[in-house]
Amino acid sequence: LLPMLSGGGKLEPPQAGNVAEFKEKAAQILPSEIRMFSGCKDEQTSADVSNTASFGLPADCGPGGAGGACTNAMMLSLTKNPSPTWIQLLDDMRGILRDKSFTQVPQLSSSREVLLNSQFQLKKESGPTKALFIGINYVGQQGELRGCHNDVIQMKQFVTKQGFDEGNMKVLMDDGNNEEPTHQGILNGIRWLVDGAQAGDSLFMHYSGHGGRLRDDNGDEADGYDETMVPVDYQSANQIRDDVIFQELCAQLPADCLLTVVMDCCHSGSILDLPFNFACSEDGSQQVHNGAISGLQPNGSFSWAKAAKVATAMYAAYQKKGMSGAMQAAMGAMQ
């Protein structure tokens, strides 16, 4: 957000239909490279599979047993084709889910345009890495899940094989052995992930658990709902709204820092509120393959008002306390 800090914290939304201006202002708001895979659209649910053996994953891919459909479709696709393009990976995930009779549509959203026929990239060629894994089975609660711990184990194993430093990873699971994925624990984990982030870093976050929808409480959602992460203590500490995730995760990262996120939960299509998106429906896939579109499209529901609120708060704090104050202001702007 440095361009807006130097410009007085002002942010005017781009003119309708002006794609070049949309891209320019999106890069000012979110200078880092953020890519998020979600297992379904906002209005859809994401399946918890009782036995992932039906996906046909190799025996060394993870613990087996129950698991999330999104995580397992992604792992199977990358096992079959370790170096896909973005559209190949999304197409394969959609095909695997369809063959298993799941109707959910995988999506990719980002902070900037991603060309879908370019190579899928999890990390930069060099530079520090950091990863956060969150798996919640809600043990002993109504709505208990069975596969989220397995998803984390499988995804952590995969990410480690991709070159991420295992010594710079944090795991939150309600298994009695790891840090608890409470409301505060998840926020602390996200703050740990972004703390000290610099240009050249590669970050990763995986969430497997319940996702929810709450009535929008500040008028920044076109559909009238905030998408949420559901911590293990949600009944007493509440859910974590997408506004908070945006300010704590997305707004904190510098230019040339790469963050990849996998959200295996219900209602997760726009949970990071990013300015570009692509839903890999059959129609969407055909548009890529016939050349009608080449990359992720501007998100018409992106909240410029939310971004302006964060920028204004950061500018006021920047004047008083410098960059450290600006970062603190971003964390509190949407609360």
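Above this text sits the structure in question.
Cut-off values and rules
- Residues numbered from 1 in each chain as written.
- Predicted model: local features only at pLDDT ≥ 70, side-chain atom pairs only at ≥ 80, totals over all residues.
- Heavy atoms only, no water.
- Phe/Tyr/Trp six-rings, centres within 6.5 Å; stacked < 30°, edge-to-face > 60°.
- Helix = DSSP H or I, 4+ residues; strand = E, 2+ residues; numbered from the N terminus.
- Buried < 20%, exposed > 50% of the residue type's maximum accessible area, 1.4 Å probe, protein only.
- Pairing = 2+ DSSP bridges.

**Student:** Please clarify how the packing of aromatic side chains should be interpreted in this entry.
**Tutor:** Two descriptors summarise a pair of aromatic rings, namely the distance from one centre to the other and the angle between the planes of the rings. According to the stated counting rule, one finds nine aromatic pairs in the structure shown. Seen in terms of ring centroids, Phe37 and Phe120 are 6.0 Å apart; in terms of plane orientation they differ by 65 degrees. Their pairing is edge-to-face. Placement of the pair is Phe37 in strand 1 (residues 33-38) and Phe120 in the loop between strand 4 (107-110) and strand 5 (129-135), with a sequence separation of 83 residues. Here Phe37 falls in the buried class, since its relative accessible area comes to 1%. On the basis of relative accessibility, which here comes to 12%, the residue Phe120 falls in the buried class. Relative to Trp304, the ring of Phe302 has its centre 4.9 Å away and its plane inclined at 85 degrees; by these criteria the two rings are edge-to-face. Taken as a pair, Phe302 and Trp304 share a single burial class, namely buried. What links up through ring pairs into an aromatic cluster is the set Phe22, Phe276, Phe302 and Trp304.

**Student:** What exactly am I supposed to notice about the sheet that holds strand 9 (residues 225-229) here?
**Tutor:** Sheet strands associate in pairs through backbone hydrogen bonding, adopting either a parallel or an antiparallel arrangement. Taking strand neighbours across the sheet as the criterion, the three strands line up as 8-9-10 in an open arrangement whose pairing is antiparallel. Of all the strands in the sheet, just strand 8 (211-215) and strand 10 (240-241) have a single pairing partner and so form its edges. Note: strand 8 against strand 9, five bridges, orientation antiparallel. Residue Arg213 lies in a different strand from strand 9, and its bridge partner there is Glu227.

**Student:** Can you help me understand the pairing of strand 11 (residues 258-264) in this one?
**Tutor:** Moving residue by residue along a regular strand, the side chains alternate between the two faces of the sheet. Counting buried positions along strand 11 gives seven out of seven residues, so the element sits mostly inside the fold. Of the pairings in the sheet, the one linking strand 1 to strand 11 comprises six bridges and is parallel in character. Residue pairing in the sheet places Glu33 in a bridge with Leu258 of strand 11. Pairing of strand 7 (residues 202-208) with strand 11, which is carried by seven bridges, proceeds in the parallel orientation. If you follow Phe204 over to strand 11, its bridge partner there is Thr260.

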